[in-house]
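Overview (structure and organization)
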Amino acid sequence: MSMRYMKVGLSVLLLGMQMGCTGSTDEERDEVQIKGGKLSMGCDTDTFTCPDTELPRHSVTLPGYYIDRVEVSAADYADFLNAHGNECAGQPCAADSELFGSPPILRDGDSWRAVTGREAQAVTMVSWHGADAYCRYVDARLCSESEWERAARGPCDALGDCDGQVNLYPWGNAAPSCERVHMMATEKGCDTGQPADI
C-alpha cells in the first residue's frame, strides 16, 4: 500500500534545506507516485568533496508513496499563517523581516500576504517547525530526508526504472543549464534575477 505525500518547497530558515509533507489524503492534489525501493543516500566521495553531515554513503529502503508535483506557494503559506498564526512550537513559523534575505511572504498589519508578484513562487524563509506545522495543517506530515532525496533524484532512482544508476540531478547527470533548470545565480544565472513561479 502506498502512502500519500505532499512536497513542500519550504526552505528551512537557517539551513536552506527543502522539505516535504507526507500522508496527505486530498484527492484533488496534483501528485506523482514514487515507487518503493532502495536509495543510495549521502555523498559520493569519489566524485565530490563531501561535508561530514553527508557521510557515510549508505543504502536506505523506502516504501512507495505519492508526492506533490510542485512546492507550496507563498500565497498558500500566507493563507496558512493567517489561519494558524506565526507561532510554531514556541518559535516563529516564518521570518517576518529581511534579516536573512527577501522573504516571499510578509506581515501586513495583523495578517500575512505574499509579496506582490511572488504569490506563485515557492515559499522560503520558513523554519523546520513552520514546515512541520504547515504539513499538519493540510492533514499530512513532514517527510523524512530520505523520502525527499529519493523524490528529488528524478526518474531513474525515484521511479525505479534504472538499474542502480544514481542521478546527480532530477534530469540525470548532465550539467545544469537554463534549458533544464531555473537558476538565478549571477555567474550561472538565466538572466531572470528572481525565482520562477511553481
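Okay, so let's go over this structure. (Residues numbered from 1 in each chain as written. Predicted model: local features only at pLDDT ≥ 70, side-chain atom pairs only at ≥ 80, totals over all residues. Heavy atoms only, no water.)

1. Notes on the overall build of the chain
Looking only at helices and strands, the chain features 4 helices and 11 strands. Pairs at least 24 residues apart make up 61% of the contacts formed inside the chain by residues separated by at least 6 positions. Split by element, the accessible area of the chain, about 11,200 Å² in all, is 50% carbon and sulfur. (Helix = DSSP H or I, 4+ residues; strand = E, 2+ residues; numbered from the N terminus. Contact = heavy atoms within 4.5 Å. Areas by Shrake-Rupley, 256 points an atom, 1.4 Å probe, with all protein chains shown as cover.)

2. Some details on the pattern of salt bridges
Taken as a whole, this structure holds 2 salt bridges when the rule is applied. Asp 108 serves as the salt-bridge partner of Arg 113, at 3.2 Å between the closest nitrogen and oxygen. Residue class for Asp 108 comes out partly exposed when judged on its relative accessible area of 43%. Ionic pairing is found between Arg 136 and Asp 132, a salt bridge with its closest N-O pair at 3.2 Å. With a gap of 4 residues between them, Arg 136 and Asp 132 both fall in helix α2 (residues 128-137), about one helical turn apart. Judged by its relative accessible area of 53%, Arg 136 falls in the exposed class. What makes Asp 132 buried here is its relative accessible area of 17%. (Salt bridge = Lys/Arg side-chain N within 4 Å of Asp/Glu carboxyl O. Buried < 20%, exposed > 50% of the residue type's maximum accessible area, 1.4 Å probe, protein only.)

3. Quick notes on the packing of aromatic side chains
Across all of its chains, the model carries 5 aromatic pairs by this definition. Considering the side-chain rings of Phe 80 and Tyr 134, the 5.5 Å spacing of their centres and the 80 degrees angle between planes classify their relative orientation as edge-to-face. Of this pair, Phe 80 sits in helix α1 (residues 74-84) while Tyr 134 sits in helix α2; the two residues are 54 residues apart in sequence, bridging distant segments of the chain. Relative accessible area serves as the criterion here: at 5%, Tyr 134 is assigned to the buried category. Relative to Tyr 137, the ring of Tyr 134 has its centre 6.4 Å away and its plane inclined at 45 degrees; by these criteria the two rings are tilted. Of the two residues, Tyr 134 and Tyr 137 both sit in helix α2, 3 residues apart, roughly one turn of that helix. Look at Tyr 137 and you get partly exposed, because its relative accessible area is 46%. Of the aromatic side chains, those joined through ring pairs into one cluster are Tyr 77, Phe 80, Tyr 134 and Tyr 137. (Phe/Tyr/Trp six-rings, centres within 6.5 Å; stacked < 30°, edge-to-face > 60°.)

4. Things to note about the state of the cysteines
Following the criterion strictly, the structure yields 1 disulfide and no others. At a sulfur-sulfur separation of 1.8 Å, the disulfide partner of Cys 88 is Cys 93. Classification of the bridge connecting Cys 88 and Cys 93 rests on its S-S torsion, roughly 90 degrees, and on that basis the disulfide is right-handed. Not engaged in a disulfide, the cysteine Cys 143 finds its nearest cysteine sulfur in Cys 135; these two sulfurs lie 7.5 Å apart. On the basis of relative accessibility, which here comes to 7%, the residue Cys 143 falls in the buried class. (Disulfide = S-S within 2.5 Å.)

5. Side note on the nonpolar core
Core analysis: the largest hydrophobic core is formed by 16 residues, its most contacted members being Tyr 77, Phe 80, Leu 81, Ala 94, Ile 105 and Val 123. Mapped onto this core, the elements with two or more residues apiece are α1, β10 (111-114) and α2. Broken down by element, the residue count for this core peaks at 5 residues, all from α1. Other than its neighbours up to four places away in sequence, Leu 81 contacts Asn 86, Cys 93, Ala 94, Ile 105 and Trp 112. Grouped together as the second largest cluster of nonpolar side chains are 5 residues, Ile 34, Tyr 65, Cys 143 and Trp 148 included. (Core = buried A, V, L, I, M, F, W, Y, C linked by side-chain atoms within 4.5 Å.)

6. Topic: helix α3 (residues 145-152)
Taken together, the buried positions of α3 are Ser 146, Glu 147, Trp 148, Glu 149 and Arg 150. Once α3 finishes, Gly 154 follows within two positions and takes phi at roughly 95 degrees, a positive value.

Geometric values such as these leave the question of function open.
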